[in-house]
Amino acid sequence: AQTAIGQARAALLRGATGAKAAASSRAIRLVDEGLKVAVDRSVGEIGESLFQLWEYCARRLLHAHLKHDDAAYAEVSALIG
């Protein structure tokens, strides 16, 4: 996910819309299908909090892509890190 976010940010700086879209989609998919799915929500508050964090990250990545918002990409990158 970090690599895809970095690629999206680089594409944003270059103005490469197609590459940004592809990298953003890959990052969102990795968060949704990788990180979010791996969380066991039945373990209580920690599991639910992690699930909500990954859900927030996916929403912020979509926002970053649609609004060309590098700060949102950076925020998610920091959260994942």
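Provided above is the structure to which this section pertains.
Parameters at a glance
- Residues numbered from 1 in each chain as written.
- Predicted model: local features only at pLDDT ≥ 70, side-chain atom pairs only at ≥ 80, totals over all residues.
- Heavy atoms only, no water.
- Helix = DSSP H or I, 4+ residues; strand = E, 2+ residues; numbered from the N terminus.
- Rg over C-alpha atoms; globule rule 2.2 N^0.38 Å.
- Buried < 20%, exposed > 50% of the residue type's maximum accessible area, 1.4 Å probe, protein only.
- Contact = heavy atoms within 4.5 Å.
- Areas by Shrake-Rupley, 256 points an atom, 1.4 Å probe, with all protein chains shown as cover.
- Axes fitted to C-alpha atoms, helices over the stretch in contact; angles between N-to-C directions.
- Parallel < 35°, antiparallel > 145°, perpendicular 65-115°, else oblique.
- Left-handed = near helix turned anticlockwise from the far one by under 90°.
- Nonpolar A, V, L, I, M, F, W, Y, C, P; charged D, E, K, R; others polar.
- Salt bridge = Lys/Arg side-chain N within 4 Å of Asp/Glu carboxyl O.

K.L.:
So what's going on with the overall build of the chain? Which residues, and what values?
P.N.:
Within the chain, the secondary structure is distributed over four helices and zero strands. Taking 2.2 N^0.38 as the reference for a compact globule, 81 residues should give roughly 12 Å; the C-alpha atoms of the chain span a radius of gyration of 13 Å, in line with that estimate. Burial statistics for the chain: of 81 residues in total, 31% are counted as buried. Sequence separation of at least 24 residues holds for 47% of the intrachain contacts in the chain that already meet a minimum separation of 6. With the model as given, the accessible surface of the chain reaches about 4600 Å², and the carbon-plus-sulfur share is 58%.

K.L.:
So what's going on with the packing of helix H3 (residues 45-67) against helix H4 (residues 70-80)? Residues and values would help.
P.N.:
Each pair of packed helices can be summarised by the angle the axes make with each other and by the distance between the axes. Across the interface, H3 lies against H4 with an axial gap of 8 Å and an inter-helix angle of 155 degrees. Taken together, H3 and H4 sit at an angle that is classed as roughly antiparallel. Considering the relative orientation of H3 and H4, their crossing is left-handed. Residues Leu-53, Trp-54, Tyr-56, Cys-57, Arg-60, Leu-61, His-63, Ala-64 and His-65 of H3 form the contact with H4, whose participating residues are Ala-72, Tyr-73, Glu-75, Val-76, Leu-79 and Ile-80. By residue class, the composition of the contact of H3 with H4 is eleven nonpolar, two polar and two charged.

K.L.:
So what about the pattern of salt bridges? Which residues, and what values?
P.N.:
Under the criterion given, the structure shown has six salt bridges. Put simply, Asp-70 and Arg-9 hold a salt bridge, and the shortest N to O gap is 2.7 Å. In this pair, Asp-70 sits in helix H4 while Arg-9 sits in helix H1 (residues 2-14), placing the two residues 61 residues apart along the sequence. Asp-70 sits in the partly exposed class, given a relative accessible area of 28%. Classification of Arg-9 by relative accessible area gives partly exposed; the value is 27%. Note that Glu-55 is salt-bridged to Lys-36, the shortest N-O span being 3.8 Å. Residue Glu-55 is found in helix H3, and its partner Lys-36 is found in helix H2 (residues 17-38); the two are separated by 19 residues along the sequence. Owing to a relative accessible area of 25%, Glu-55 belongs among the partly exposed residues under this scheme. For Lys-36, a relative accessible area of 17% translates into the label buried. Taken together, the shared-partner salt bridges connect Asp-32, Lys-36, Glu-55 and Arg-59 into one network.

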